[in-house]
Amino acid sequence: MSSDIRIKNDEYNFHFRVAAVIVQDDKFLIQGINECEYYILPGGHVSLGESSLKALQREVKEEVGCDINIEQCKFFCFHENFYNKNGRVEHWAENYFTVKPKTPLPVENWDIEENDNGKTKILHFKWVTREELRELDLKPTSIKKLLVDNKINEFNHLIDEM
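Residues numbered from 1 in each chain as written. Predicted model: local features only at pLDDT ≥ 70, side-chain atom pairs only at ≥ 80, totals over all residues. Heavy atoms only, no water.

Asks: Honestly, unusual backbone geometry in this entry has me stumped. Any pointers?
Replies: The phi angle of most residues is negative, glycine excepted, and most peptide bonds adopt the trans form. The peptide bond linking Lys139 to Pro140 adopts the cis configuration, its omega dihedral lying at -10°. Phi at Asp25 is positive, roughly 55°, even though this residue is not glycine. Residue placement: Asp25 occurs in the loop between β2 (12-24) and β3 (27-33). (Helix = DSSP H or I, 4+ residues; strand = E, 2+ residues; numbered from the N terminus.)

Laid out in structure tokens, this is it:
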């Protein structure tokens, strides 16, 4: 049984998630999942009883395969995201952090296979410049705008309503 913080009822799906902005050589690390046509930032659900920083440390290790110093992580955005999906309202509460890996990551793009609560996913990791990011479909788009506009050195509270 998963201990991810997710609540579902007849109308809503609620999720609590953390995400990492990893910058290396002036490039952002973005992640594709399976054959999705859009990208996200690495991260995942917070578990019950787990702090956002501990969840971030665990998710970056699981997905990216590296260790981070949680003391060096900087919380820069709380994002409340609402949208419709398959006839239900998705409500995501997300904490975004800048993250510094303890050791440099590969400079070439790479894929890994992840077991996510019994489901196998192929994660595609790709480095992109700020200019390249402008042309890609990174979700949520309001987070993409913060990265493109270089607003990750200040605190942001974003609410994307339907």
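After that view, the rundown keeps rolling.
Asks: Please explain the pairing of β2 as it appears in this structure.
Replies: Strand residues, when the strand is regular, have side chains that alternate between the two faces of the sheet. Of all 13 residues that make up β2, 10 are buried, and the element is covered over most of its length. In textbook terms, the turn of a hairpin is the stretch between consecutive antiparallel strands, and for strand β1 (residues 6-8) and β2 this stretch comprises three residues. Pairing of β2 with strand β4 (residues 43-45), which is carried by three bridges, proceeds in the antiparallel orientation. Bridge pairing in β4 links Val18 to Gly44. (Buried < 20%, exposed > 50% of the residue type's maximum accessible area, 1.4 Å probe, protein only. Pairing = 2+ DSSP bridges.)

Asks: Please explain the packing of aromatic side chains as it appears in this structure.
Replies: For any two aromatic rings, the description comes down to two numbers: the centre-to-centre distance and the angle of the planes. Per the counting criterion, the structure on display carries five aromatic pairs. Between the aromatic rings of Phe75 and Phe97, the centroid separation amounts to 5.2 Å while the plane-to-plane angle is 40°, which identifies the pairing as tilted. Of this pair, Phe75 sits in strand β5 (residues 74-85) while Phe97 is found in strand β6 (residues 88-99), placing the two residues 22 residues apart along the sequence. What makes Phe97 buried here is its relative accessible area of 5%. The interplanar angle of 55° and the centroid separation of 6.5 Å between the aromatic rings of Trp110 and Trp127 together place this pair among those described as tilted. Of the two residues, Trp110 sits in strand β7 (residues 110-116) while Trp127 sits in strand β8 (residues 119-128), which places them 17 residues apart along the sequence. Residue class for Trp110 comes out buried when judged on its relative accessible area of 15%. Trp127 sits in the buried class, given a relative accessible area of 8%. Members of the aromatic cluster, connected to one another through ring pairs, are Phe75, Phe97 and Phe155. (Phe/Tyr/Trp six-rings, centres within 6.5 Å; stacked < 30°, edge-to-face > 60°.)

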